Amino acid sequence: MWKKWFGKNSTTKDPTTRYDQLIPDKLPRHIAIIMDGNGRWAQKRGLPRTLGHRSGVEALRAIVSAASEIGIAILTVYAFSTENWKRPAEEVSLLMSLFSEYLDNEINELHSNEVQIRFIGNTKALAPSLQRKIDYAQKLTTGNNGLILNIAVNYGGRAEIVRAVQTIAQKVLDNEISPQEITENTIQQQLYTPDIPDPDLLIRPSGDKRISNFLLWQSAYAELWFTNVNWPDFTAEHLVQAIFDFQQRDRRFGGLRNLK
């Protein structure tokens, strides 16, 4: 079992952001991460981009473990976007193989640590063999009570909203609801994440400061945290720094600070 970080022996390499400096009852419930910078990490080292993606898988393993240890309820990671199909066929093929390997290699440990695996995105467009592994992983872990790990594959925020609108429009045509009955909750229920809270914290490594079509609806009030560190070098210490920074922020959701 993964150990728990909170406790008298909690330590980290960075003394300014120790695990025990985090406030357990102020943790973000849902963290979203854009796993970016694999290719740039490899290029800086004169390595093939493929090795960058493999190193990115190692980073994901460490961050899933750390998030569970810290007590994060939900972690959503952006693994493959609807736009990533534009990449060279060889790179796309490798990414799909890595998804398959990740499920093969990690499913037992994730399951033993009570991680519940979910996939969001149009997974029906993936290879049948990968779809079967996805279905197996979701069914195997559906009853687990630990970290919910959402893996976004063939996902795009705009495509998700279009899909939701199309579903609602069909309900109107079928006289199941009227246009006047459509609310934010109506739309929320047709997204890939109808039963989980919106992200509190969205993290993007690699230096880019944009959300790149990721959880557009759900991230309306997410706190954003950027770092120049490329994803393969992103560690549990960086995750702690992001959470620590999150805990210092004043989240008003459009209202005013409580001055009492």
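Let me sum up the structure you'll find in this document. (Residues numbered from 1 in each chain as written. Predicted model: local features only at pLDDT ≥ 70, side-chain atom pairs only at ≥ 80, totals over all residues. Heavy atoms only, no water.)

1. A short note on the overall build of the protein chain
The helix and strand inventory of the protein chain stands at seven helices and six strands. Helices and strands in the protein chain line up, N terminus first, as β-α-α-β-α-β-α-β-α-α-β-β-α. In terms of overall size, the protein chain behaves like a compact globule, its C-alpha atoms giving a radius of gyration of 19 Å where 260 residues would be expected to give roughly 18 Å. When the 260 residues of the protein chain are sorted by exposure, 48% land in the buried category. (Helix = DSSP H or I, 4+ residues; strand = E, 2+ residues; numbered from the N terminus. Rg over C-alpha atoms; globule rule 2.2 N^0.38 Å. Buried < 20%, exposed > 50% of the residue type's maximum accessible area, 1.4 Å probe, protein only.)

2. Some remarks on helix α4 (residues 128-141)
For α4, built from 14 residues, the straight-helix expectation of 20 Å at 1.5 Å per residue is met to within 8% by its first-to-last C-alpha distance of 20 Å. Among all positions of α4, only Leu130, Gln131, Ile134, Ala137 and Thr141 are buried. Taken around the axis of α4, the buried residues stretch over an arc of 125°, which confines them to a single face. Across α4 from its buried face, at more than 90 degrees, point the exposed residues Pro128, Arg132, Tyr136 and Lys139. The secondary structure elements touched by the buried residues of α4 are α3 (89-112) and β3 (116-120). (Expected span 1.5 Å × (residues − 1). Arc of directions from axis to C-beta. Contact = heavy atoms within 4.5 Å.)

3. Side note on the pattern of salt bridges
One side chain can pair with another of opposite charge once the charged atoms of both are near each other. Taken as a whole, this structure holds 19 salt bridges when the rule is applied. A salt bridge links Asp208 to Arg204; its shortest N-O distance comes to 3.7 Å. Comparing Asp208 with Arg204 shows no difference in burial state: the two are buried. One salt bridge connects Glu223 with Arg249, and the closest N-O pair in it is separated by 3.0 Å. Taken together, the positions of Glu223 in strand β6 (residues 223-226) and Arg249 in the segment after α7 (236-248) put the pair 26 residues apart, joining distant regions of the chain. (Salt bridge = Lys/Arg side-chain N within 4 Å of Asp/Glu carboxyl O.)

4. Some remarks on α3
Between its terminal C-alpha atoms α3 stretches 35 Å, which fits the 34 Å expected from 24 residues at 1.5 Å a residue. A bend of about 55° at Glu106 is the largest found in α3. At the C-terminal side of α3, Glu114 shows a positive phi close to 65°. (Bend = angle between axes of the 7 residues up to and from the residue.)

5. With respect to the pairing of β6
Of the two faces of β6, only the one carrying Glu223 and Trp225 is buried; Leu224 and Phe226 on the other face are not. With four bridges joining them, strand β5 (residues 201-204) and β6 adopt parallel strand pairing. Within β6, the position partnered with Leu202 by the bridge is Leu224. (Pairing = 2+ DSSP bridges.)

6. Examining the packing of aromatic side chains
Inspection of the entire model under this criterion finds seven aromatic pairs. Seen from their ring centres, Tyr78 and Phe214 are 4.3 Å apart, and the 10° between their planes marks the pair as stacked. With a gap of 136 residues between them, Tyr78 in strand β2 (residues 74-81) and Phe214 in the loop between β5 and β6 connect regions that are remote in the sequence. Each ring, one from Phe80 and one from Phe99, has its centre 6.3 Å from the other, and the planes form 85°; the classification is edge-to-face. Here Phe80 is found in strand β2, whereas its partner Phe99 is found in helix α3, with 19 residues between them in sequence. Side by side, Phe80 and Phe99 carry an identical accessibility label, which is buried. Through successive ring pairs, a cluster of aromatic residues spans Tyr78, Tyr155, Tyr192 and Phe214. (Phe/Tyr/Trp six-rings, centres within 6.5 Å; stacked < 30°, edge-to-face > 60°.)

7. Focus: the environment of Val77
Tracing the backbone shows Val77 in strand β2. With 44 residues separating them in the primary sequence, Val77 and Ile33 have C-alpha atoms 4.9 Å apart. For Val77, the residues in contact, after removing those within four places along its chain, are Ile33, Met35, Leu60, Leu149, Asn150, Ile151, Ala152 and Phe214.

Limitation: the analysis is restricted to geometry and does not speak to function.
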